[in-house]
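# Examination of the molecular architecture
Below are the chains, spelled out letter by letter.
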Amino acid sequence: MPDQPTFQFPDGDGPRRAAPRPGDADAAPAPGTPPAMPDDGAAPPDVPGATVPHPATPAAMPVPMAPRRAVRRPWWMGLLGRLMQPWIGLKVEPQAPDTLVDQRPVCYVLEDYGLSNALILERACREAGLPSPLQPLPGDPLGRKRAYVALSRRNAGGALAMATGQPQSKATHSESLARLLEAHRIDPALDVQVMPVSIFVGRSPDKNNGWFAVLFSENWTIVGRFRRLLSILLNGRDTLVRFADPVDVRPLLAEGLDAERTVRKLSRVLRTHFNRVREAIIGPDLSTRRLLVDKVLSSPSVKEAIADQARRDNSKPEDAWKKAHAYAYEIAADYSHPLVRSASFLLTTVWNRIFRGVLVHHLDRFKEAAPGHEIIYVPSHRSHMDYLLLSYLLYGRGIVPPHIFAGVNLNLPVIGTLLRKGGAFFARRSFRGNALYSAVFSEYMAQLVGGGYSIEYFIEGGRSRTGRLLPPKGGALAMTLRAYLREPRKPVLFQPVYIGYEKLMEGGSYLDELSGKAKKKESIWQLLWSIPKVLRSNYGQVVVNFGEPIELNTVLAEMAPDWSGAPVSEDEKPAWLARTVDVLAQRIHVNINRAADVNPINLLALALLSTPKHAMGEADLLAQITLSKQLLVDVPYSDRVTVTPHTPVEIVAHGEEIGVLERVAHPLGDVFRVGDETAVLLTYFRNNVLHLYTASAWIACCFLQNRRMSRHTLLRLGRTMYPFLQAELFLPWDEDTFAERIALTLQTFEREGLLERVSDEDDGIYQRNAGQTDEVFRLRALSHPLQQAFERYYIAISVLAKNGPGTLGAGELESLCQLAAQRLSLLYAPAAPEFFDKSLFRGFIQKLRELGLVKLDGNSKLVFDDRLTNWAKDAKVILGRELRHSIEKVSPEAAKPADTAVASD
């Protein structure tokens, strides 16, 4: 469509305006114009020859439309437009809005009335080649000499609403829309395109120049003239004008509804559209938690819980209601858009000071999948920074920040209030024994899910102290699933997110906890005391990778094929519900691992922790880093895994820069080493990427105690051990696919000279070099990450065998295994902190039960047969005789009943 000319009104014949109302920023009427009807509706389009009821003519006496005539806008309107132009920078969406309309006349509909909005709309239409909204329609049926209207306008109660925090009321429907529809009924030749246009001044979070500007950015409140003026002065250069597909009036009239219902329906369609656009652009209207709390307390499930609480306490229902009300306010977020925008500027300064960059990968793929879904962000949990980092990155890229499921331990004075206004809602560590609290929290989650608000929670339950993904906890997932099943309206999309650090702010406290000290309780003083130290530190680079999303409906179709999509009440407990939660949790962890980032510190940790003294010569270190990167290229783990582009030399230099690596000069070549405390912390970063090297570590472990091994044996043992590795490291393949990865990795080992194939048959024989060659050294380094996992497995088997079947329960076995691992670490080589992690033994025992290698008898004791013994024989291939003997020696026996009796005397 060619550019349209700028239409002007004749001198003295300006557009008519409504009489000014209190709080109306732009309500001054044009000089010499009589009051017109309220500007809260749409005007009819320009259709030559059509007849419509004229404002001064009875509706029953149609008059012919006058042809459209060019008129000039009043001088003051042109002056205001020129004055505003330097302060307004327009971004128009879509890029070519003129393609949305055809040759029929266009009438623009704004969400709210305002002179500034009219001037912005006029300029946007002029630049986009659309008809001018200031050009009067033929016959001027609305008596306003313009082609735009507003769906609603400010009212006299605006000031009171702002003062009391109540939402301002809007007209139930538009009188101008009613007149437009009536004109269509009278004249069948009319065919209008009603085009909604949304205008946002100061929306984008990454374009403003100062924190003061965020206080006057776009939100859900209809503001007065002074605030609107400040908004234009501070944020006008970041103005977004979004044109939408036009609404056809004729199909609406063809439905045969009466005049009142028709205009209400059109108003509702337009209002719903504007609300959806506003929610997508600036986020949901959760500026106050009162409305959400009221919904929670009025829900049937909470009312029932209140009644039950009153009966248990033998108290009045009012007292139980007050308790529920207090719980709801303790839980609920109090989202504040101005605070979030202000925090984005503060965090930008902090990130630039303490980090050397924050990289984001695969966000565009997430944006493609997200539209039309309720988004649940499920990141890995490594640091308290996770809360802030993900919300900051989303907000900075124009995505509404999620509401964050946070532990009540973070609800500190001042800090808790700020987090709450940033979207955090707080949960106690345990709901056990408090049915009322559980009902209130579950209903709050259901309101968030039902309302379409994005949510973020960590299914690990707490921060990982070892760098591995912790076993998932299904509480939040179960509440989300229950909420969706109750009202399955908007499909749910789980978005796994991997967050990778090069240095942790909590490194010191993690070190204390791993050495056996009790976890320190968070306090405001502890936080304030740590701020200067944090701001002086260099924490390297942070990487945020978006994993492959998981659609809840896809999982439900697999786990509950008989579910018809009908709502499931709170009282119903389908048999497939618990299993669906478990499968969801497993897939989320798998997809987090499939989006891992391999940074320089991960590679340094993999290499240096493989040596007894955590030291390497420079040439050996560079060669090991090169090999680690090459393995990820030759046998890719996933298309979402990212690897640092830096060369080995740059990686080593980076490790020195952030204080992880120490260079020791020596005449025969420099040596790099890490101290004992740093080595413990480095296990954290090695464990971040351990799952990426499972196949290579498995092959290397097999050749530690064996110089030769057949390909068939490597693959057979790999299939046997894989279920345990899969459960511990959340690996994505089945046994056969893992065997294929072993075969591909063997090719890389052969090409790199680590192994030699001495037989060309399909079941070829592979062998390593004899003696202590460089290749053997590199194989040993590759094997180290998995070596201790196999030692843990053998400890569990040894303890079971020593005590015999029918002697130990699962809990007793876990405790004895932990004691044996601790003793082994004290007597022999020090082990990584997770070596005696009880949860890892628990997972191994559970997998033994799933595979049928051990079972529970009638007394809840573990029994086993020769299959477990035969399975344990494979350990001889991986673990040396001396190590096996040491494990068997430290494996404890359970206390006998007689021993217990003697001890109690």
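Since the structure is predicted, the reported quantities are computational estimates derived from the model, not experimental observations. The numbering scheme is per chain: residues are counted from 1 as the chain's sequence reads. With the structure being a predicted model, the display of local features is reserved for residues of pLDDT at least 70 and the display and counting of side-chain atom pairs for 80 or more, all residues being used for whole-chain, interface and lining totals. Water and hydrogen atoms play no part in the side-chain values, which are based on all heavy atoms of the structure.

### Some details on the overall build of the chain
Helix and strand counts for the chain come out as 35 helices and 26 strands. In this description, contact between two residues means that some pair of their heavy atoms is separated by no more than 4.5 Å. By sequence separation, contacts in the chain at least 24 residues apart represent 79% of the contacts at least 6 residues apart. To qualify as a helix, a DSSP run of H or I must reach at least 4 residues; to qualify as a strand, a run of E must reach at least 2; elements of each kind are numbered from the N terminus.

### Side note on the packing of helix H30 (residues 810-827) against helix H31 (residues 838-850)
Axes here mean lines fitted to C-alpha atoms, for a helix over just the part in contact, with angles spanning 0 to 180 degrees between N-to-C directions. In the contact formed by H30 and H31, the axes pass within 9 Å of each other and the chain directions differ by 130 degrees. Of the possible angle classes, the one that applies to H30 and H31 is oblique. The two elements H30 and H31 cross, and the hand of that crossing is right-handed. In this structure, H30 contributes Ala810, Leu813, Glu814, Ser815, Cys817, Gln818 and Ala821 to the contact, and H31 contributes Lys838, Phe841, Arg842 and Ile845. Residues are grouped as follows: nonpolar covers Ala, Val, Leu, Ile, Met, Phe, Trp, Tyr, Cys and Pro; charged covers Asp, Glu, Lys and Arg; every other residue, Gly included, is treated as polar. Tallied by class, the residues present in the contact of H30 with H31 amount to six nonpolar, two polar and three charged. Each angle is binned into one of four classes, with values under 35 degrees roughly parallel, values over 145 roughly antiparallel, values of 65 to 115 roughly perpendicular, and all other values oblique. Crossing handedness follows the turn of the near helix against the far one: under a right angle anticlockwise gives a left-handed crossing, and clockwise gives a right-handed one.

### Description of the pairing of strand S7 (residues 239-243)
Between buried and exposed lies partly exposed: a residue is buried under 20% and exposed over 50% of the maximum accessible area for its type, with that area taken using a 1.4 Å probe on protein chains only. Most of S7 is tucked away: four of the five residues are buried. Two strands pair when backbone bridges link them, and strand S3 (residues 90-93) and S7 are joined in this way by four bridges, in the parallel orientation. Note that in S7 the partner of Glu93 across the bridge is Arg242. Here, a strand pair is defined by DSSP locating no fewer than two bridges between the strands. Pairing analysis gives five bridges linking strand S6 (residues 193-201) to S7, with the strands arranged antiparallel. When the sheet's bridge partners are listed, Ser198 is paired in S7 with Arg242.

### Some thoughts on the packing of aromatic side chains
Each Phe, Tyr or Trp ring, with Trp reduced to its six-membered ring, pairs with another whose centre is within 6.5 Å; inter-plane angles below 30 degrees give stacked pairs, above 60 give edge-to-face pairs, and intermediate values give tilted ones. Counting across every chain of the model gives 26 aromatic pairs. Their ring planes at 70 degrees and their centres at 5.6 Å tell us that Trp698 and Phe790 sit as a pair that is edge-to-face. One end of the pair, Trp698, is in helix H26 (residues 694-702); the other, Phe790, is in helix H29 (residues 774-803), and 92 residues separate them in sequence. The exposure class assigned to Trp698 is buried, which follows from its relative accessible area of 1%. A network of ring pairs unites the aromatic residues Tyr327, Phe405, Phe425, Phe431, Tyr437, Phe441, Tyr444 and Tyr457 as a single cluster.

### A word on the confidence of the model for the chain
The share of residues in the chain with pLDDT of 70 or more is 80%, and the mean pLDDT across the chain is 80. Per-residue confidence from the predictor is given as pLDDT, running between 0 and 100. Low pLDDT, under 50, characterises residues 898-905; the predicted model gives this stretch one contact beyond four residues in sequence or across chains.

### Quick notes on the pairing of strand S14 (residues 492-500)
Burial analysis of S14 places nine of its nine residues in the buried class, the great majority of the element. Pairing of strand S10 (residues 374-379) with S14 involves six bridges; the strand directions are parallel. What sits directly across from Glu374, in S14, is Val492. Bridge analysis of S14 against strand S15 (residues 542-546) gives four bridges, and the strand direction is antiparallel. Directly across from Ile499, in S15, lies its bridge partner Val544.

### Thoughts on helix H32 (residues 866-873)
Along H32, the residues that are buried comprise Leu868, Trp871 and Ala872. All buried residues of H32 lie within an arc of 100 degrees about the axis, which places them on one face of the element. Residues of H32 that are buried sit in contact with helix H27 (711-729), H29, H31, strand S25 (854-856), strand S26 (862-864) and helix H33 (875-878). Two N or O atoms form a polar contact when they lie within 3.5 Å of each other; inside protein one atom must be a possible hydrogen donor and the other a possible acceptor, and for residues adjacent in sequence the pair counts only when both atoms belong to side chains. The N-cap of H32, judged by a side-chain oxygen 3.0 Å from the amide nitrogen of Arg867 a few residues on, is Asp865. Here the arc refers to the set of directions running from the helix axis out to each C-beta atom.

### A closer look at helix H4 (residues 175-186)
Here H4 is twelve residues long and its end C-alpha atoms lie 17 Å apart, about the 16 Å a rise of 1.5 Å per residue gives. Taken as a whole, H4 has its buried residues at Ser176, Leu177, Leu180, Leu181, Ala183 and His184. Buried residues along H4 cover an arc of 155 degrees about the axis, so they all sit on one side. Given the number of residues in a helix, its expected span is that number minus one, multiplied by 1.5 Å.

### A closer look at the side chain of Arg792
Of note, Arg792 is situated in helix H29. Given the relative accessible area of 3%, Arg792 is considered buried. A distance of 2.9 Å separates the side chain of Arg792 from the side chain of Glu728, its partner in a polar contact. Other than its neighbours up to four places away in sequence, Arg792 contacts Arg468, Glu728, Glu834, Phe835, Leu840 and Phe841.

### A short note on the sheet that holds strand S23 (residues 756-757)
Sheet architecture is open: three strands sit in the order S22-S24-S23, paired in antiparallel fashion. The open sheet is flanked by strand S22 (708-710) and S23, the only strands paired with a single partner. Across three bridges, S22 lies against strand S24 (residues 765-767) in antiparallel orientation. Paired with Ser710 across the bridge in S24 is Ile765. Packed on one face of the sheet, H27 meets S22 and S24 and runs near 75 degrees to S22.

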